[in-house]
Amino acid sequence: MLVYGIKRLGVALAIVVAAMIVLFIMIYVIPGDPVTVALGPRATPQMIESFRARMGLDQPLVVQLYNFFANVLQGDLGRDVLSNRSVSLVIMEQLPFTLALIAGAMTWSILIGIPLGCYAAIRQGTWIDHLMGVLSVSTIAIPSFVVAIYSMLAFSVKLGWFPAIGAGDRGDILDQLHHLVLPSLAAGLGWVGYIARMVRASMLEVMGENHIKMARAFGLPERMITFRYALKLAILPTLTLLGIGIGSMLSSAVFAEIVFSRPGIGKLVYDSVIVRNFPIVTGTVLVTTVFYVLATLFTDLLVATLDPRVRQSLR
């Protein structure tokens, strides 16, 4: 397990380093001078030179790349062009809202998707299985921004059950959870289908194995066979899918935060792109990349802990 963990950690670090190099190169790939693009056409030559010196853009590229890595290792992602505040501080203020949104979306998609997948596998070939297949594919096909708009129109504007905008009052957990319902629905609905389809396919594969047939031959109850023996193995591929899903939900969170006017990483990136605030965009992309890598690393280590075959495959 230690060897597998070291190898997997090395891959994660390589991905983060590659992402940092790509982010650094992107500053120079964008057409035009990055300083002029950041400050706009009305910037005076004095402002341009001052900004270039403050950001270290007047130094050779190798020195800039070294400073970029050194600053990131120290937790310094630069300064906000507009407010001159620390980019790290700005991101840390918004990150808890996005993490709460992802946690809410993933929680209820797991609570619905896993039982649906199990039930469809148990009822294989029946009309219930076909109906759940149609519902799963439908939830996957519907874009998250469409779910966000129509859920807001139905449950906020028409029925008035949930608030349409905002993240709730600070310190009031119940109010914040109330504001989280519809955005988490928009971000997580598609993953109900993914999880249900994955659990169903894994369950059907496990249910045909010899130890399941032996359990049935001994007359064990079907409920015990399903949840104690089959689901325990069938859930492993789903854990890997969840690691990818947590990272992918960062993109779904963009639409949910914009439609519901919630603070968060997605809305921060959107607003920063509009005003070409590149230090914020670069820092946010880097933080989300690290978050994605950590999520997949954690799920891979969890799967390797539960399944010895994964650990042995890399020896």
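Everything here concerns the structure above.
Residues numbered from 1 in each chain as written. Predicted model: local features only at pLDDT ≥ 70, side-chain atom pairs only at ≥ 80, totals over all residues. Heavy atoms only, no water.

**Q** Even after reading the chapter, I still don't get the pattern of salt bridges, so can you show me in this structure?
**A** Between side chains of opposite charge, a pair can form when the charged atoms approach closely. According to the stated counting rule, one finds three salt bridges in the structure shown. Close ionic contact of glutamate 93 with arginine 85 constitutes a salt bridge, the shortest N to O distance being 2.5 Å. The exposure class assigned to glutamate 93 is partly exposed, which follows from its relative accessible area of 35%. Here lysine 267 and aspartate 271 are joined by a salt bridge, their closest N and O atoms 3.1 Å apart. With lysine 267 and aspartate 271 both in helix 11 (residues 265-274), this residue pair falls four residues apart, about one helical turn. Since its relative accessible area comes to 25%, lysine 267 is described here as partly exposed. On the accessibility criterion, aspartate 271 (34% relative accessible area) is partly exposed. (Salt bridge = Lys/Arg side-chain N within 4 Å of Asp/Glu carboxyl O. Buried < 20%, exposed > 50% of the residue type's maximum accessible area, 1.4 Å probe, protein only. Helix = DSSP H or I, 4+ residues; strand = E, 2+ residues; numbered from the N terminus.)

**Q** What is the right way to look at the packing of helix 5 (residues 87-122) against helix 6 (residues 127-141) in this model?
**A** Between two packed helices, what matters for the description is the angle formed by their axes and the separation of those axes. With their axes 8 Å apart at the nearest point, helix 5 and helix 6 run at an angle of 145° to one another. Along this stretch, helix 5 crosses helix 6, giving a crossing that reads as left-handed. Contacts between helix 5 and helix 6 involve Leu116, Tyr119 and Ala120 from the former and Ile128, Asp129 and Met132 from the latter. In terms of residue class, the contact of helix 5 with helix 6 is built from five nonpolar, no polar and one charged. (Axes fitted to C-alpha atoms, helices over the stretch in contact; angles between N-to-C directions. Left-handed = near helix turned anticlockwise from the far one by under 90°. Contact = heavy atoms within 4.5 Å. Nonpolar A, V, L, I, M, F, W, Y, C, P; charged D, E, K, R; others polar.)

**Q** Hey, could you run me through a nonpolar patch on the surface in this one?
**A** On the surface, a nonpolar cluster with roughly 600 Å² of combined accessible area is contributed by Phe145, Ile149, Tyr150, Leu153, Val157 and Phe255. Broken down by element, the residue count for the nonpolar patch peaks at five residues, all from helix 7 (residues 144-158). Using a relative accessible area of 43% as the deciding quantity, one classes leucine 153 as partly exposed. (Patch = residues over 30% accessible without salt bridge, like charges linked within 9 Å, V, L, I, M, F, W, Y side chains within 5 Å. Areas by Shrake-Rupley, 256 points an atom, 1.4 Å probe, with all protein chains shown as cover.)

**Q** Just checking my understanding: could you explain unusual backbone geometry for this structure?
**A** Across the chain, the bulk of peptide bonds are trans and the bulk of non-glycine residues have phi less than zero. The phi angle at serine 261 is positive, at roughly 50°, despite the residue not being glycine. Here serine 261 shows up in the loop between helix 10 (222-259) and helix 11.

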